[in-house]
Amino acid sequence: MSAPVDLRILTTPQELFQAAAEEVIHAAVEAVAERGRFTIALSGGSTPKNLYTLIAANASSSLPWNQMFVFWGDERHVPPNDPDSNYRMARETILSKVSIPVANIFPVPTENPDATAVAEAYEQTVRKFFGLRPGEFPRFDLILLGMGPDGHTASLFPETAGLQEKSRIVLANWVEKLKTSRITFTLPVLNAARIVAFLVSGTDKAATLREVLEGSAPGEKYPSKLVRPAQGKLIWFVDRAAASELTTAAQ
Ligand code: 6PG
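What counts and what doesn't
- Here, residues in each chain are numbered from 1, in the same order as that chain's written sequence.
- Only residues with pLDDT of 70 or above have their local features reported here, since the model is predicted, and side-chain atom pairs are shown and tallied only from 80 upward, although totals for entire chains, interfaces and linings are computed over all residues.
- Neither water nor hydrogens contribute to the side-chain values; these are computed over all heavy atoms in the structure.
- We call a residue near a molecule or strand as soon as one heavy atom of that residue lies within 4 Å of the molecule or strand.
- Nitrogen and oxygen atoms within 3.5 Å of one another constitute a polar contact, given that in protein one can donate a hydrogen and the other can accept it, and given that sequence-neighbouring residues count only through two side-chain atoms.
- Definitions used throughout: a 1 Å grid over protein atoms alone; a cavity as a set of points that fits a 1.4 Å probe which cannot get out; a pocket as an open set with protein on both sides within 12 Å along at least five of seven lines; a lining residue as one with an atom within 4 Å of a point.
- Placement in a cavity or pocket follows one criterion, namely that more than half of the molecule's atoms lie within 2 Å of its grid points.
- Helix numbers and strand numbers start at the N terminus; a helix is a DSSP run of H or I with at least 4 residues, a strand a run of E with at least 2.
- Grid points are joined across faces, edges and corners, and a volume is the space filled by probe spheres set on the points.
- Ten residue types, Ala, Val, Leu, Ile, Met, Phe, Trp, Tyr, Cys and Pro, are classed as nonpolar, four, Asp, Glu, Lys and Arg, as charged, and the remainder, Gly among them, as polar.
- For a helix, the expected span equals 1.5 Å multiplied by the residue count minus one.
- In this scheme, a residue with accessible area under 20% of its type's maximum is buried, one over 50% is exposed, and one in between is partly exposed, where area comes from a 1.4 Å probe on protein chains only.
- What makes two residues a contact is simply this: any of their non-hydrogen atoms within 4.5 Å.
- Note on geometry: axes are C-alpha line fits, over the in-contact stretch for helices, and angles between N-to-C directions span 0 to 180 degrees.
- Each angle receives one of four descriptions, namely roughly parallel if under 35 degrees, roughly antiparallel if over 145, roughly perpendicular if within 65 to 115, and oblique otherwise.
- Whether a crossing is left-handed or right-handed is set by the direction in which the near helix is turned from the far one by less than a right angle, anticlockwise for left-handed and clockwise for right-handed.
- Here, strands pair whenever DSSP counts at least two bridges between them.

Engineer: Help me understand the site of the ligand, please; the structure alone is not making it clear to me.
Structural biologist: Taken together, 17 residues are adjacent to the ligand, and S46, T47, R76, A154 and K205 come closest. A distance of 2.6 Å is found between an oxygen atom of the ligand and a side-chain nitrogen or oxygen belonging to R76. K205 is positioned with one of its side-chain polar atoms (N or O) 2.7 Å from an oxygen atom of the ligand. Given that more than half its atoms are within 2 Å of the pocket grid, the ligand belongs to the largest pocket. When contributions to the shell around the ligand are tallied by element, the ones reaching two or more residues are α2 (46–59) and β4 (74–76).

Put into structure tokens, the structure is as follows:
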């Protein structure tokens, strides 16, 4: 039985980023105290980008960078210096501005033109880091996610094969509407996390957020619905604009 959804509606985007930053710090301090390290998977997209910028500017001294280990929940199949690279975005907004050891950063090896090989290599990196036996999934302390207007999260897009994956950790997921493969953690990884935090801002997400949190459409059409950590917290950081069509939450 998964934990109840923790919906946090913030008045403005800035307050959303501030609340999410506080959660990252809280999760990091707790993980290091309990297990000696903090494992986090970053998301791409503009909403998390604002969070990384805020942390780099205001909270970098609050995080245990030497005990933090940074992965990506998904990545575009582009070189690491490509403008579309999630790694490049995180490097430019935060990782180049804080004292995290390079050895603690695990970018997706997207230089390889074979997307399947990229996914297999990254899966081995994750397996090795977490010391996983066959059939085991990594339990990240925190996985940050965004949600697209179509309800996709990470690179798990509606009606894509990646949604059905039950055993792999990382997949090259073909996204027909983008005419490209995207490298992504699978749902079992997202649902094994101690904490999953969605960051959703803006009125363009309002109808989708209502469907994801309150609607009855199948998860294959709104993949964010399929993220329910089995033994973990699920926090939705949303601003009032994104929450404007919700019927159940106090606005
Ligand atoms: C990516 C992200 C993707 C993103 C959503 C929402 O690689 O782009 O992983 O899943 O989180 O598209 O993006 P915004 O927050 O920019 O709307």
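Engineer: Got a minute to help me understand the layout of surface pockets in this structure?
Structural biologist: Which parts of space are left empty comes out when a probe the size of a water molecule is rolled across the atoms. In this model, the largest pocket occupies a volume close to 260 Å³. Surrounding the largest pocket, 19 residues form its lining, G44, G45, G146, M147 and H152 being those nearest its centre. Elements supplying a minimum of two residues to the lining of the largest pocket: α2 and β4. Looking at the lining of the largest pocket element by element, the count peaks at three residues for α2. In terms of residue class, the lining of the largest pocket is built from five nonpolar, ten polar and four charged. In this structure, the second largest pocket occupies an estimated 160 Å³ of space. Around the second largest pocket, the lining residues are G45, K49, R76, P83, D84, S85, N86, R88, M89 and E92.

Engineer: Please clarify how α2 should be interpreted in this entry.
Structural biologist: Three or four residues apart is the spacing at which side chains of an α-helix point the same way, because the helix has 3.6 residues per turn. The end-to-end C-alpha distance of α2, which contains 14 residues, comes to 19 Å, matching closely the 20 Å that a straight helix rising 1.5 Å per residue would cover. Along α2, the residues that are buried comprise T47, P48, L51, Y52, L54, I55, A56 and A59. Looking at the buried side of α2, the elements it contacts are α1 (13–35), β2 (38–42), α3 (86–93), β5 (142–146) and β8 (195–200).

Engineer: Looking at this structure, how should I read the packing of α1 against α2?
Structural biologist: A packed helix pair is summarised by two numbers, namely the angle formed by the two axes and the spacing between the axes. Axis separation between α1 and α2 bottoms out at 9 Å; the angle between their running directions is 65°. Between α1 and α2, the crossing angle belongs to the class labelled roughly perpendicular. Note that α1 runs across α2; the crossing there is right-handed. Counted together, Q14, F17, Q18, A20, A21, V24 and I25 of α1 and T47, N50, L51, L54, I55 and A59 of α2 form the full contact between these two elements. Per-class residue counts for the contact of α1 with α2 are nine nonpolar, four polar and no charged.

Engineer: Looking at this structure, how should I read the sheet that holds strand β7 (residues 180–185)?
Structural biologist: Strands in a sheet are paired, the pairing made by backbone hydrogen bonds, and the direction either parallel or antiparallel. The sheet built from three strands is open, its strands ordered β4-β7-β6 with antiparallel pairing. What marks the edges here is a single partner per strand, and that holds for β4 and β6 (170–175). Ignoring strand direction, the axes of neighbouring strands in this sheet form an average angle of 25°. One ladder, built from three bridges, connects β4 with β7; its direction is antiparallel. Bridging from a neighbouring strand, D74 pairs with T184 of β7. The strands touched by helix α4 (residues 115–130) are β6 and β7; relative to β6, the strand with the most contacts, the crossing angle is about 150°.

Engineer: Looking at this model, I keep getting lost on the side chain of E211. Mind explaining?
Structural biologist: Take E211: it is sitting in helix α6 (residues 206–214). Of note is the side chain of E211, whose polar atom sits 3.1 Å from the backbone nitrogen of S216. Once you skip the residues sitting within four places of it in the chain, E211 turns out to touch S216, A217, Y222 and K225.

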